[in-house]
There are 2 protein chains.
Amino acid sequence: MKIDELYALLRRRGVLWPSAELYGGAQGLYDYGPLGAALKHQIEEAWAAWFVGLSPDYYLIEPSEILPEAVVRASGHLENFTDPEVECESCHSAFRADTLLEKVRPDGVDGLSPAEIGEIVHNAHVRCPTCGSLALSVPRPFNLMFGMEFGVTGKERAYLQPETAQGSYLAFPRMWDVGRKALPLGIAVIGRAYRNEIAPRQVLFRMRAFTQAELQIFFAAESFAVPFARVQDEKLPLLRVDRREKGEESPEWVSAAVAVRDGGLPEFYAYHLVQMFRFLRDGLGYPAERLRFFEKSVKERAFYNRIQFDAELHVESLGGYREIGAVHYRGDYDLGRHSQGSGRDLSVTVDGRSILPHVLELTFGVDRNLWGVADVHLGKDGDRTLWRLPPYLAPVAVGVFPLIPKEHGATADRVLRLLSEAGLRARADDAGTIGKRYARMDEAGAPFCVTVDGTTLADGPDHDTVTLRHRDTKAQERVPIDALVARIAPALRFPRPVSA
Amino acid sequence: MKIDELYALLRRRGVLWPSAELYGGAQGLYDYGPLGAALKHQIEEAWAAWFVGLSPDYYLIEPSEILPEAVVRASGHLENFTDPEVECESCHSAFRADTLLEKVRPDGVDGLSPAEIGEIVHNAHVRCPTCGSLALSVPRPFNLMFGMEFGVTGKERAYLQPETAQGSYLAFPRMWDVGRKALPLGIAVIGRAYRNEIAPRQVLFRMRAFTQAELQIFFAAESFAVPFARVQDEKLPLLRVDRREKGEESPEWVSAAVAVRDGGLPEFYAYHLVQMFRFLRDGLGYPAERLRFFEKSVKERAFYNRIQFDAELHVESLGGYREIGAVHYRGDYDLGRHSQGSGRDLSVTVDGRSILPHVLELTFGVDRNLWGVADVHLGKDGDRTLWRLPPYLAPVAVGVFPLIPKEHGATADRVLRLLSEAGLRARADDAGTIGKRYARMDEAGAPFCVTVDGTTLADGPDHDTVTLRHRDTKAQERVPIDALVARIAPALRFPRPVSA
């Protein structure tokens, strides 16, 4: 499906729609409807189970998403969190420079100065997409943070966090005190981040308010021990800088061991690339051949990132690879900046030595991956529309239907209660023909449907059976009600990360 | 415990702390640490299970928390969402008028004009709490919304939502189209709301960013059928306006049936008071005698609320009753305002009639109730600190301890995996003596602990047993590993609302 077709289907099914659409929408903001909110919730739970589950010393916290000015000054966002903006001097439309130059310079403008970008725009005779004028301004840095007055004095300012990571850095000293005072220490956040994007677009791929799931691992440089032997044979789809410079777009499959031995990656870094890869493949069910790890060059990545690979998915609806996560080795930049900014030394004492921890950041875009999950798993099978979600991601795990509501309703209620009490996500549907109910559940991605019918009642209350129908195969079988949970529950289990 | 003592304990245990405390904190903003975030998550899940579970036609959605200006203009917040602010003309400190007048006028200043409030301040010779001056300004209305520039033009403005309800109202037409086009239709949101409070205080009770859980039920006036017979005998602690006018503070226990027959409440309203009451008592485990429903008078409630009872908990750490939720019968105000504001008639056709649905709003403060749960359940038993959380609310359901990590670690891992795969929230702890580990789990509210010890291994892998220890009684029993899930899972089950 193309973007428009997929987005139309998602709107129609109530997965998501433009925020405030009653008022013409708000650019870059989206609302999740029942299916979207439930799927997003399942993706978040899966992410937390996987990444927070990597170690008993990793924790999920929920910091405030409003940051006082002192924080974003120290982190560098107040000064540097900008995109080059070009204004049309005829019609006063505003554009992101990299978007304007998309065709001229598909690799983007990271690392170029405003003057250099301006020269490229000028030399390429780029015209204003709105009015066609050639009178485009030299780019100016536009800060992407949403700022606001905080408190009643009119003198204090605060900002919506542009990334969830800052909350974890700020929490580090408190978490050190609360925890067992050892490294590595992991602090995870699933939260909203906000960017006043110059040009929001591609629905969930460049939003003004979006959800990030991030794990910041604080560790002592050069002593981050990981169970590397358990992952070393996993092959990863790497697109490294040297290959990119030769114009290659497809990744090379390299085992973690080789990426370390010949590719110069630290073991701890390669280990976490494997974890990210396995989560995307085994957790979200992305086909391995649609994934790649895109290495950013020194010029492209933020100066404090020592190593950066973006996790990319080939998103068919967008016609190419898109970033859906990343692994950043940020060194001691973050705790160093906040030590300076706050005047409190954030070094900790480990084995008698005072050290400023380094940070490995695993970041994951929840909204982008929700789109990715739709792109990969939502499709047609003949005239059926069905969402082949991995069962543990499905908003509804089991649809429960009384064939004739008046006759079979009470028994269906009993089945619903039984499944709910076992922690399965069951939902009743008693409207329309069984075919229509199957179709609705297929579109919602429910892996199982249970129908209570005449045979159920004929069996008698002690050995009554129901029809269990499987989404992907449409296969049906009769299962005693008492055996339902045991039959269904194993398929709903989430795969565990390898370290656990 | 008093507020300071309880707050200190919660900080020390990493439940919550001031946001950006490294920079001296940000007034009215708090971060949740691992225990706090997990407990908040459990409270939210419990709320959703209860209230969204009231009907198959109720849905949880996740709308944007940023609202374009047109929305807050239509809803009335741009004009009216203000608190009276008094400024000291000597030292320029700012105060909320009702806080300044707390001792003079404990019932608050709702419904009074700024001039009337100014007169009371003047006549009572109130002094500036900061500098002692009598030169206090006449109150001015201070708008509590956080506003910001939206987009690059500098001309568009947007606001952080001051309540989650607006997102549900905006979603109504889309949800109508997506759903089965019938009333009642329920739209629930668990989300952040933001208020630039003049004087944040009492930790989680007046915050600048907080989480609300709200259910908006859209229904056809005078035909909202509820299974009233099932709840009519439940006695509710009502403090009605007539009693309040006599100076009474304690509620009167009145059955739902009597509240309807003699008290004039509609059945649908009394039914939802019962649901709220039962959720607070059976879901959160608040003692019934610490709850009351506080009726707001015509003057106190917003003009569009036809009936309003605040759910209040007697919070010992704050020395009195505090609002923790409410039930608002809002009539057709909200859809009427948005029909006007958007120019789109939000009436729907039901049985051939065009009607503008009325709204019943069930609102619940997640942060306040997290404090409430701490206030009620966290306490001392001799020299133990323990959190007697209802088991389904506990962030950790089962602590798993290898007595001697080197010897019993592998078996403990197996137990941990077994419990995790059954969906129980298990966490390992292998640090320190068993006594210390019990103490940590007691403070975290874990209802169960499992210890793997020498006997386990002596039993042999086919019939190995572990020690199961119960939090509240400290009772211990030996349970075969294979029987653990069946022994523990029933106690973790969440009670279901009566309608289900």
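About the thresholds
- Residues numbered from 1 in each chain as written.
- Chains lettered and ligands numbered in written order.
- Predicted model: local features only at pLDDT ≥ 70, side-chain atom pairs only at ≥ 80, totals over all residues.
- Heavy atoms only, no water.
- Pairing = 2+ DSSP bridges.
- Helix = DSSP H or I, 4+ residues; strand = E, 2+ residues; numbered from the N terminus.
- Axes fitted to C-alpha atoms, helices over the stretch in contact; angles between N-to-C directions.
- Domains from an automatic or database assignment.
- Contact = heavy atoms within 4.5 Å.
- Buried area = accessible area lost by both parts, 1.4 Å probe.
- Salt bridge = Lys/Arg side-chain N within 4 Å of Asp/Glu carboxyl O.
- Buried < 20%, exposed > 50% of the residue type's maximum accessible area, 1.4 Å probe, protein only.
- Polar contact = N/O pair within 3.5 Å; in protein donor to acceptor, adjacent residues only side chain to side chain.
- Least-squares fit on C-alpha atoms with pLDDT ≥ 70 in both.

Residues and elements named next belong to chain A. Strands sit in the order 6-5-7 across an open sheet of three strands; the sheet is antiparallel. Both edges of this open sheet fall to strand 6 (94-96) and strand 7 (140-143), since each of them pairs with a single strand only. Adjacent strand axes in the sheet meet at a mean angle of 50°, parallel and antiparallel pairs treated alike. Judged from the four bridges that link them, strand 5 (residues 82-87) and strand 7 form a sheet pairing that is antiparallel. What sits directly across from P84, in strand 7, is P141.

Moving on: the domain arrangement of chain A. All names here are of chain A. Assigned domains of chain A: these are domain 1 (3-69 + 159-376) and domain 2 (387-492). Across the contact, 15 residues belong to domain 1 and 11 residues belong to domain 2. For the pair domain 1 and domain 2, the summed buried surface comes to about 1000 Å²; carbon and sulfur atoms form 68% of the total. The tally of links from domain 1 across to domain 2 stands at one salt bridge. Between E443 and R13 there is a salt bridge, and its shortest N-O distance comes to 2.9 Å. For the side of domain 1 that touches domain 2, the secondary structure elements donating two or more residues are helix 2 (34-51), helix 10 (267-283) and helix 12 (366-377). At six residues, helix 2 tops the list of elements feeding residues into the side of domain 1 that touches domain 2.

Residue and element names in this part refer to chain B. Within strand 10 (residues 185-194), nine of the 10 residues are buried, leaving the element largely enclosed by the surrounding structure. Here strand 10 runs beside strand 11 (residues 209-219); their pairing, made up of 10 bridges, is antiparallel. Note on strand 11: the bridge partner recorded for I190 is A213.

Residue and element names in this part refer to chain B. Pairing in this open sheet of five strands is mixed, and the strands run 23-22-24-25-26 from one edge to the other. In the strand order of this sheet, the two ends are held by strand 23 (426-428) and strand 26 (476-480), each with one partner. Pairwise comparison of adjacent strand axes, ignoring direction, gives a mean angle of 30° for this sheet. Alignment of strand 25 (residues 465-470) against strand 26, held across five bridges, turns out to be antiparallel. Bridge pairing in strand 26 places T467 opposite R478. Helix 13 (residues 405-421) contacts strand 22 (398-402), strand 23 and strand 24 (448-452) of the sheet and is inclined by roughly 155° relative to strand 22.

Chain B puts 74 residues into the contact, and the matching count from chain A is 74 residues. Of the roughly 6100 Å² buried at the junction of chain B and chain A (both faces included), carbon and sulfur atoms supply 60%. Across the contact surface, chain B and chain A share eight salt bridges. Counting across the chain B and chain A interface gives 24 residue pairs in polar contact (both at pLDDT 80 or more). Looking at the side of chain B that touches chain A element by element, the count peaks at six residues for helix 7 (residues 165-178) of chain B.

Residue and element names in this part refer to chain A. A full pass over the atoms with the stated rule returns 67 salt bridges over all chains. Taking the shortest distance from any N to any O, the salt bridge between R384 and D381 comes out at 3.1 Å. Of the residues examined, R384 reaches a relative accessible area of 10% and is grouped as buried. For D381, a relative accessible area of 32% gives the class partly exposed. Connected via shared salt-bridge partners are D83, R96, D98 and E197.

Moving on, we come to the relation of the copies chain B and chain A. Overlaying chain B with chain A gives an RMSD of 0.0 Å, the required rotation being 180° about an axis along which the chain moves by 0.0 Å. What the rotation and shift describe, once combined, is the action of a two-fold rotation axis. The position closest to the rotation axis in chain B is occupied by the C-alpha of M148(B), lying 2.7 Å away. With an isologous cut-off of 70% or more, the 100% of interface residues of chain B that recur at the interface of chain A puts this contact in the isologous class.

The next point concerns the side chain of Q212(B). All names here are of chain B. You can see Q212 is positioned in strand 11. According to the relative accessible area criterion, Q212 is buried, its value standing at 8%. Those residues in contact with Q212 that lie beyond four places of it in its chain are E163, T164, V189, I190, G191, A193, R195, T363, F364 and V366.

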